[in-house]
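# Per-entry structural report
Chain residues, written in single-letter form:
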Amino acid sequence: MNKTTEKLKNKRVAILATDGFEESELSRPLKAIRDAGGQVQIVSLKSGKIRSWSGSDWSNEYDVDTTLENCSAEDFDGLVLPGGVINPDLLRKNEKAVDFVKSFFTGSKQKPVAAICHGPWMLAEADVLKGRKVTSYSSIRTDIRNAGADWQDKEVVVDNGLVTSRNPDDLDAFCSKMVEEICEGAHQ
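Just so it is clear, the structure is predicted and the values come from calculations on it, not from any experiment.

### A look at helix α4 (residues 95–103)
- When we look at burial in α4, the residues that qualify are A97, V98, F100 and V101. Relative to the axis of α4, the buried residues are bounded by an arc of 160° and lie together on one face.
- Turning to α4, the residues buried within the fold contact β1 (12–16), β7 (78–81), α3 (86–91) and α5 (120–125).
- You can read the cap of α4 off the contacts: a side-chain oxygen lies 3.0 Å from the backbone nitrogen of K96, and it is on N94.

Shown next, in the form of structure tokens:
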């Protein structure tokens, strides 16, 4: 293993998703974490497979590694929230999913969390955005501001372990900062 693939050695990361996630916003972070030596689990509401969205239609299916019923934030060193419109809209209606996200922000230290595109809807629903600097897909900026965040139109915004980006065009910057923050570990 070279230094690049050892960055996240012994780090476990959850990607919370359900049907309708933007495919590139799950597949690219998944690859970036694995390439940096991290372990990744796709966590979902149901076992089996979840289906991605790409462009204007349904796309590939991905295996779910574990369900919300069978894990907790304590099992992970970081969390990734891919977007797509359908995915976070379904997840934010599920109390266990919202509690799972919120638990990464509780305690004396916040674990790294990365959310892209419509993924920050989950952060608003979990009520963890007050006073934070974030970005998101532009159509939800009012929701993000109403949740108490300082919304910024930048390709990536990092605020004390919280990494956010606007859309798939920002994935290079998003993945780079996501790996960096997970590598650093929990923040005060």
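Continuing now.
### A closer look at the environment of G84
- Relative to the assigned elements, G84 resides in the loop between β7 and α3.
- Take G84: its relative accessible area is 9%, and that puts it in the buried class.
- Residues in contact with G84, not counting those within four places in the same chain, are G20, E22, E25, C117 and H118.

### Points about the packing of aromatic side chains
- Evaluated as defined, the whole model comprises four aromatic pairs.
- Ring plane angle 85° and centroid distance 6.3 Å describe the contact between F76 and F100, whose orientation is recorded as edge-to-face. Residue F76 is found in the loop between β6 (66–67) and β7, and its partner F100 is found in helix α4; the two are separated by 24 residues along the sequence.
- On the basis of relative accessibility, which here comes to 1%, the residue F76 falls in the buried class.
- Between F100 and F104, the aromatic rings sit 5.2 Å apart at their centres with planes inclined by 80°, giving edge-to-face as the arrangement.
- The ring centre of W121 lies 4.1 Å from the NZ or CZ of R92, which sits over that ring.

Conventions and cut-offs
- Residues numbered from 1 in each chain as written.
- Predicted model: local features only at pLDDT ≥ 70, side-chain atom pairs only at ≥ 80, totals over all residues.
- Heavy atoms only, no water.
- Buried < 20%, exposed > 50% of the residue type's maximum accessible area, 1.4 Å probe, protein only.
- Helix = DSSP H or I, 4+ residues; strand = E, 2+ residues; numbered from the N terminus.
- Arc of directions from axis to C-beta.
- Contact = heavy atoms within 4.5 Å.
- Polar contact = N/O pair within 3.5 Å; in protein donor to acceptor, adjacent residues only side chain to side chain.
- Phe/Tyr/Trp six-rings, centres within 6.5 Å; stacked < 30°, edge-to-face > 60°.
- Lys NZ or Arg CZ within 6 Å of the ring centre and 35° of its normal.

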